[in-house]
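Below are the chains, spelled out letter by letter.
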Amino acid sequence: MILLSSPHQHSGNSIQLTMFTVIIALIPAAMVSVYLYGWLAFLLLTMCIGASMLTEYVCLHLMKRDIKRLWDGSAALTGLLLALTLPAAVPWWMALFASVFAIVLGKQLYGGLGYNLFNPALSARVVLLISFPLQMTSWMIPMHAGATLDMYDFGTSLQFFFFGPDAVKQTWDAVTMASPLGYLKTELGQGVTVSQALSDYHYSTFYAFIGREAGSLGEGSALALLFGGVYLLARKTISWHIPITYIATVAALAWVFNLINPDVYAPAMFHVLAGGLILCAFFMATDPVSSPSSAIGKIAFGFGCGLLTWVIRTFGNYPEGAMFAVILMNCMVPLIDYYIRPRVYGYFRKRAKA
Amino acid sequence: MFNLLHTIKHALHLTPQSHAFRGGVHLSEFKRTATKASEQCPMPRVLMYPVKQHIGQACEPLVKVGDRVLRGQKIGKSQGYVSVPIHASTSGIVTKIENHIIPHPSGMGLPTIFVEPDGLDEVDESLIPLPNYRSLSPVELRERVRIAGIAGLGGAVFPTFIKLLKDKLHSIETVILNGIECEPWLTNDHQLMLEKSHQIITGLDIVMHMVGAQSAIVAIEDNTMDAAFVMQNAVEDMKLSQVIKVEVLPTIYPQGGEKQLIQALTGKEVPAGRLPIHIGVLSTNVGTAKAIHDAVCLGEAMTERLVTVSGDALPSPKNMFVRFGTPVCFVLEQCGLDSCDDVNIIHGGPMMGEILRPTDIPVVKASNGLLAMKKATVMASHHEEEPCIRCGDCSDACPAGLMPNLLAMHCKEEQFERAENYQLFDCIECGACSYVCPSHIPLVHYFRFGKGQVAKIRREKVFAEESRQRSESRDLRLRKEQEEKEEKRRIAQEKKEARAAALAAQAAAATDVADEALTETVSEKPAPTPKAES
Amino acid sequence: MHILLSLSVFSGFALLVGIGLAFASRYFHVEGDPLADKIDALLPQTQCGQCGYPGCRPYANAVAALEVDVNHCVPGGERTMLQIADMMGVEPKAIEAEETAPVVAFIREDECIGCTLCIKACPVDCIIGAPKQYHTIITDHCTGCTLCLEPCPVDCIDMLEVPETLEKWAWPVPGTERAKVGVERKHQHEGIDV
């Protein structure tokens, strides 16, 4: 019999419940990815989730931790998130490497769930991008974006996934295309205006919203992601602070600069819908472990993410800055938690109430 | 349209209400005994009165074994300022006075007076009813409140008379009557408002008269609307609606907390380290107000209270008037519980109460609820601790604006200075953080541990400082004694040398000076040196 | 030419930094507490001599002078040791003696012969008595140093554990067995009466 302190009642919330709620919220996005990339997406998802869970099991076993932790869903969620940030064309070994990296270096070596500084899935994704820039910026042409590739059936996908384009008598260039962000970056570099570049790309805001533009598995459809995001907000699994401030900051910056010079700075709507912004805002930046604890800290965090995302996209070398922004802001979390604290009851700032 | 906007704002926590306190949680209420008419608990075979049932100094027993006591007779004399006397709750014989366990998490005991009831229930009528209290001075009424043994019945059991002070420096503008029962399961305050609304409002009126307040607010949550109507009717009946206002607040835990309620009603915060009186507010619980009415208008000392006896293991939960001193197990048996062994008994509400182990513990002034819970229910809420995922739910729920996860981490690592830096002592232990924690971290337990350790370290520091001073003054004294001794020795030595020199001179003189000269020298010997000042 | 330039730049820089440092050391000089005072403030002041020094202050002096390790204060326990090690900037070392519950001395008065030897031994002056009279100990001031045990010719002094009172009770760390709390308490209650 252990001496127990009050309260003797509990809300019934648990880590498992939180993780599975996020997994459920990601199901629409995963379904869209399968719709866009067929069996390839399915293979990638299976690979990442399976490898993550297996690695987690091995780690827990080696580190003599409770095996039950495997079922808290955090490893499966990491795998799922990782898969959704990868391009459909990555080979199996890269997916495997990223999964192992995410679990071992991204999480377990820090001390397991709750101790990691960075979002495991994002850190693995960044490592892949830096190590294998070609594969990580080759975006598969989506099935329904006018592609006439006959490689989306199961057999071909399997061969492509495990043996690369040569096995199905294709070349990288034939099956992949640039993402809107990447195309814009290249064209801007050659002095083309924003509107010209976007019309050359046949960019459509509507398609970007419901999901037809090339990109990572999960970036396809803003609609599906918003669906999941709103579900998370409604279930109070995440609070509105990070996603709203994040997206609003990007939109506001893009809007102001687009007003100043529409030829060089892309419009707000484009920034919000293109790339992984919505995925990062709702599912990556809100990772509880690597984001601040207090509401006011979350607002600061969201603002920082938004600022960095826009700055990297506009002035950086990489076309996409969302994940770098989140990773960089992850470093700031201990500082934010230390310096930005909620005001404690009964303590007033200088302008005290009478 | 405006309503819609308001709803959206509310959902986003932008502006929840005009002035709500921050944080808070919505609890599952389980109010099984809501609107169940109160019953009188039968007389047990023995009643037990611990000498301390309030915050402050313990009482000194006034009776001896074998004495006969009456209901309302003072059996414990208060010691010191922060103390109120205790009274027998029925007539009977004192059988023994010995250490007995009290409702406290430590499981420790206090000297306890055991009374065996004689069944006559004779009342001690030494307190005269004072029904026209308006004509009496606050000082007289204050003494009556103290003599009647009234301590805050909301749970803190702070001696009430101390608060009822007309202070020229801090005049009280508003008296808040706390009719908010935010603990799950408990319904005793709700039921008391339904049944004794007039007495409660009279008690409130007495308090207002005593502190010279011009207005009062009766605060009630919207889950007990019927009580709000009853109280409003009582206020109108007594023609006090000019000064007493009934306000209904949206239900949220811990709104019944004094500081949170003051913030919700007035928008003002009690500054850190100060009291509600410093912002012109006094708050009192409905049960306390009724007890003040009984003490003043009926001349009755506080000998019983309304207790919610409930819990998921109890066949027939009830609201019962229970005499102080009644054993907890006896009360539960009245509600159909066969054996107290297979249940966990919670004293108070589930959010802030403690689990009692032995069951022959008496009901005391703080006992607002007795819950017999199935062991599985309690264990489910004390799930094994998992790692913190830093979700921040605790921080969102905290009504004091703390960051419980970081605070608990510092307490766990025994970095108490850091914990104090994170405002450990502003925690009100409401339990909202532990309630929402997905990792089932016993946050409140860590804070209590931390607070205890910090208090211990502070005590040790003070003690070490005292010891150091004592040791230093001892060293100083020893050194002084040593010096004095040496001084004495030196003087003695000098004297000895002087004498020796004199003798030597004598001897020398004896050899070549005449006998007459010798006698002269002896008579001229210097007077004895004065003794060293001692 | 280039070499000359770089040499002059770096020597100029070094000079500048040197002057800055010199000024800093003069103007930001703090007349801090001597180290021994700070260490003395951390010690529990039991004056027990278990460290091998005659009291807390001499031990603090010795630690400050690096004559002795930081782990010799037994009553201070691990926390004091860690604090001292932190202040001295040295590696913490485990304390060899086992940490014991706090104790106070208690004189069995019917056996006391009134020799005043314990009074002389007490480092904090908390024993009262006169020659040929019973002595007694002011429990509230006793540091539990045990220095009075040895001089007593009739062995009438006991060291008793300090009883835990309701006011001083503190919550144990989460996960503590309730039974253990109870046993400790019972054990302590059997000591002296309060």
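Computed from a predicted structure; not experimentally measured.

K.L.:
Give me the overall build of chain A: which residues, what numbers.
P.N.:
Summing up its helical and strand segments, chain A has 16 helices and 2 strands in all. A compact globule built from 354 residues would reach a C-alpha radius of gyration of about 20 Å, and chain A, at 21 Å, matches this within 12%. Principal-axis analysis of the C-alpha atoms gives chain A an extent of 70 × 55 × 30 Å. Relative to all contacts within chain A whose residues are 6 or more apart in sequence, the contacts with residues 24 or more apart total 74%. Computed over 19 positive and 15 negative side-chain charges, the separation of the two mean positions in chain A equals 21 Å.

K.L.:
Account for the sheet that holds strand 7 (residues 92-101) of chain B, with residues named and values stated.
P.N.:
Residue and element names in this part refer to chain B. Here 4 strands make up an open sheet; going across it, the order is 2-8-7-4 and the pairing antiparallel. Either end of the sheet is taken by a strand with one partner, and the two such strands are strand 2 (47-50) and strand 4 (68-69). Two strands pair when backbone bridges link them, and strand 2 and strand 8 (residues 109-117) are joined in this way by 4 bridges, in the antiparallel orientation. Bridging across to strand 8, Pro50 finds its partner in Thr112.

K.L.:
A description of the nonpolar core should follow, citing residues and the corresponding values.
P.N.:
By size, the foremost hydrophobic cluster in this structure holds 98 residues, and its most contacted members are Leu26, Met140, Tyr246 and Phe283 of chain A. The element contributing the most residues to this core is helix 1 (residues 15-62) of chain A, with 18 residues. Within the second largest apolar cluster, 50 residues are counted, among which are Tyr133, Leu192, Leu240 and Ala289 of chain B.

K.L.:
For a positive patch on the surface, give the residues involved together with the corresponding values.
P.N.:
On the surface, a cluster of positive charge is made up of Lys485, Lys488 and Arg489 of chain B together with Lys120 of chain C. Looking at which element gives the most residues to the positive patch, the answer is helix 15 (residues 443-512) of chain B, with 3 residues. With respect to the helices, strands and loops of the structure, Lys120 of chain C is situated in helix 5 (residues 117-121).

K.L.:
Describe the pattern of salt bridges, and please don't skip the residues or the numbers.
P.N.:
All names here are of chain B. According to the stated counting rule, one finds 35 salt bridges over all chains in the structure shown. Residue Arg68 is joined to Asp118 by a salt bridge in which the shortest nitrogen-to-oxygen separation is 2.7 Å. With a gap of 50 residues between them, Arg68 in strand 4 and Asp118 in the loop between strand 8 and helix 2 (138-147) connect regions that are remote in the sequence. We classify Asp118 as partly exposed; its relative accessible area is 29%. Among the ionic pairs, Lys290 bridges to Asp294, the shortest N-O distance being 3.0 Å. Taken together, the residues span about one helical turn, with Lys290 and Asp294 both in helix 8 (residues 286-297) at a distance of 4 residues. Each member of the pair, Lys290 together with Asp294, is buried.

K.L.:
How would you summarise the packing of helix 14 (residues 277-284) of chain A against helix 16 (residues 322-339) of chain A if you had to cite specific residues and measurements?
P.N.:
Residues and elements named next belong to chain A. Where helix 14 meets helix 16, the closest approach of the two axes is 9 Å, and the angle between their N-to-C directions is 30°. Of the possible angle classes, the one that applies to helix 14 and helix 16 is roughly parallel. Contact with helix 14, carried on its side by Leu277, Cys280 and Met284, involves Ala322, Met323 and Val326 of helix 16 and no other residues of that element. Here the residues of the contact of helix 14 with helix 16 are counted per class, giving 6 nonpolar, no polar and no charged.

K.L.:
So what's going on with the pairing of strand 8 of chain B? Residues and values would help.
P.N.:
When strand 7 of chain B meets strand 8 of chain B, the two strands line up antiparallel, connected through 9 bridges. Pairing of Asn99 of chain B across the sheet is with Pro111 of chain B, part of strand 8 of chain B.

K.L.:
Before we move on, can you summarise the domain arrangement of chain A with the specific residues and values?
P.N.:
All names here are of chain A. Taken domain by domain, chain A consists of domain 1 (15-178) and domain 2 (180-213 + 238-340). Computed over C-alpha atoms only, the centres of domain 1 and domain 2 are separated by 22 Å. Contacts between the two partners involve 27 residues from domain 1, matched on the other side by 20 residues from domain 2. Here domain 1 meets domain 2 over a buried area of about 2000 Å², counting both sides, of which 76% is carbon and sulfur. On the surface where domain 1 and domain 2 come into contact, there are 0 salt bridges. Scanning the region where domain 1 abuts domain 2 turns up 3 residue pairs in polar contact (both at pLDDT 80 or more). Looking at the side of domain 1 that touches domain 2, the elements with two or more residues in it are helix 1, helix 2 (74-85) and helix 4 (120-131). The dominant element in the side of domain 1 that touches domain 2, judged by the number of residues it contributes, is helix 4, at 7 residues.

K.L.:
Outline unusual backbone geometry, listing residues and values.
P.N.:
In the segment running from Ser6 of chain A into Pro7 of chain A, the intervening peptide bond is cis, with an omega of 0°. Position of Pro7 of chain A among the secondary structure elements: in the segment before helix 1. Cis peptide bonds are those with omega within 30 degrees of zero, and the linkage from Tyr253 of chain B to Pro254 of chain B qualifies with -5°. In this structure, Lys236 of chain A is a non-glycine residue whose phi angle is positive, near 60°. In this structure, Lys236 of chain A sits in the loop between helix 11 (222-234) and helix 12 (241-260). One non-glycine residue, Arg390 of chain B, adopts positive backbone phi at about 55°. The class of Arg390 of chain B is buried, set by a relative accessible area of 14%.

K.L.:
Account for the packing of aromatic side chains, naming residues and giving values.
P.N.:
In this structure the tally under the stated criterion is 23 aromatic pairs over all chains. Plain terms: the ring middles of Phe257 of chain A and Tyr265 of chain A are 5.1 Å apart, the flat faces sit at 65° to each other, and that makes the pair edge-to-face. Relative accessible area serves as the criterion here: at 25%, Phe257 of chain A is assigned to the partly exposed category. Relative accessible area serves as the criterion here: at 16%, Tyr265 of chain A is assigned to the buried category. Judged by centre distance (6.5 Å) and plane angle (75°), the rings of Tyr265 of chain A and Phe315 of chain A are edge-to-face. Of this pair, Tyr265 of chain A sits in the loop between helix 12 and helix 13 (268-273) while Phe315 of chain A sits in helix 15 (residues 295-315), and the two are 50 residues apart along the sequence. Connected via pairs of aromatic rings, a cluster forms that spans Phe257, Tyr265, Trp310 and Phe315 of chain A. One cation-aromatic arrangement involves Arg341 of chain A over Tyr338 of chain A; the distance from NZ or CZ to the ring centre is 5.1 Å. A cation sits over an aromatic face here: Lys96 of chain B above Phe114 of chain B, 4.7 Å from the ring centre.

K.L.:
Describe the side chain of Arg146 of chain B, and please don't skip the residues or the numbers.
P.N.:
All names here are of chain B. Topologically, Arg146 is positioned in helix 2. Separated by 3.1 Å, the side chains of Arg146 and Glu143 make a polar contact. Here Arg146 is in contact with Ser78, Ser83, Val84, Pro85 and Phe161, once residues within four sequence places are set aside.

K.L.:
So what's going on with the sheet that holds strand 10 (residues 215-221) of chain B? Which residues, and what values?
P.N.:
All names here are of chain B. Taken together, 4 strands build an open sheet; the order of strands is 11-10-9-12 and the sheet is parallel. Looking at strand neighbours, the two that pair on one side only are strand 11 (244-249) and strand 12 (281-285), the edges of this open sheet. Strand-to-strand twist in this sheet, taken as the mean axis angle between neighbours without regard to direction, amounts to 25°. Two strands pair when backbone bridges link them, and strand 9 (residues 174-178) and strand 12 are joined in this way by 5 bridges, in the parallel orientation. By the bridge assignment for strand 12, Ile176 is matched with Ser283.

K.L.:
An account of the interface of chain A and chain B is requested, with residue identities and associated values reported.
P.N.:
Every contact between the two is made by 41 residues of chain A and, on the other side, 64 residues of chain B. Summing both sides of the interface, chain A and chain B together bury roughly 4600 Å²; the carbon and sulfur share of this comes to 54%. Considering only the side of chain A, the residues that lose the most area to chain B are His8, Gln9 and Tyr345 of chain A, jointly responsible for 20% of the buried surface there. Of the charged contacts in the structure, one is a salt bridge between Arg390 of chain B and Asp337 of chain A, with a shortest N-O distance of 3.1 Å. At the boundary of chain A with chain B, the tally comes to 27 residue pairs in polar contact (both at pLDDT 80 or more). Per-element tally for the side of chain A that touches chain B: the top contributor is helix 16 of chain A, with 3 residues. Residue classes in the side of chain A that touches chain B are distributed as 19 nonpolar, 14 polar and 8 charged.

K.L.:
Any details on helix 8 of chain B? Residues and values, ideally.
P.N.:
Residue and element names in this part refer to chain B. The terminal C-alpha atoms of helix 8 lie 16 Å apart, and with 12 residues this matches the ideal 16 Å at 1.5 Å per residue to within 8%. Most of helix 8 is tucked away, with 12 of its 12 residues classed as buried. For helix 8, every residue scored as buried is listed here: Val286, Gly287, Thr288, Ala289, Lys290, Ala291, Ile292, His293, Asp294, Ala295, Val296 and Cys297. The N-capping residue of helix 8, defined by a side-chain oxygen 2.6 Å from the backbone nitrogen of Gly287, is Asn285. Two residues or fewer past helix 8, Gly299 is found with a positive phi of approximately 65°.

Calculation notes
Residues numbered from 1 in each chain as written. Chains lettered and ligands numbered in written order. Predicted model: local features only at pLDDT ≥ 70, side-chain atom pairs only at ≥ 80, totals over all residues. Heavy atoms only, no water. Helix = DSSP H or I, 4+ residues; strand = E, 2+ residues; numbered from the N terminus. Rg over C-alpha atoms; globule rule 2.2 N^0.38 Å. Contact = heavy atoms within 4.5 Å. Lys, Arg positive; Asp, Glu negative; His and termini not counted. Charge placed at Lys NZ, Arg CZ, Asp CG, Glu CD. Pairing = 2+ DSSP bridges. Core = buried A, V, L, I, M, F, W, Y, C linked by side-chain atoms within 4.5 Å. Buried < 20%, exposed > 50% of the residue type's maximum accessible area, 1.4 Å probe, protein only. Patch = residues over 30% accessible without salt bridge, like charges linked within 9 Å, V, L, I, M, F, W, Y side chains within 5 Å. Areas by Shrake-Rupley, 256 points an atom, 1.4 Å probe, with all protein chains shown as cover. Salt bridge = Lys/Arg side-chain N within 4 Å of Asp/Glu carboxyl O. Axes fitted to C-alpha atoms, helices over the stretch in contact; angles between N-to-C directions. Parallel < 35°, antiparallel > 145°, perpendicular 65-115°, else oblique. Nonpolar A, V, L, I, M, F, W, Y, C, P; charged D, E, K, R; others polar. Domains from an automatic or database assignment. Buried area = accessible area lost by both parts, 1.4 Å probe. Polar contact = N/O pair within 3.5 Å; in protein donor to acceptor, adjacent residues only side chain to side chain. Phe/Tyr/Trp six-rings, centres within 6.5 Å; stacked < 30°, edge-to-face > 60°. Lys NZ or Arg CZ within 6 Å of the ring centre and 35° of its normal. Expected span 1.5 Å × (residues − 1).

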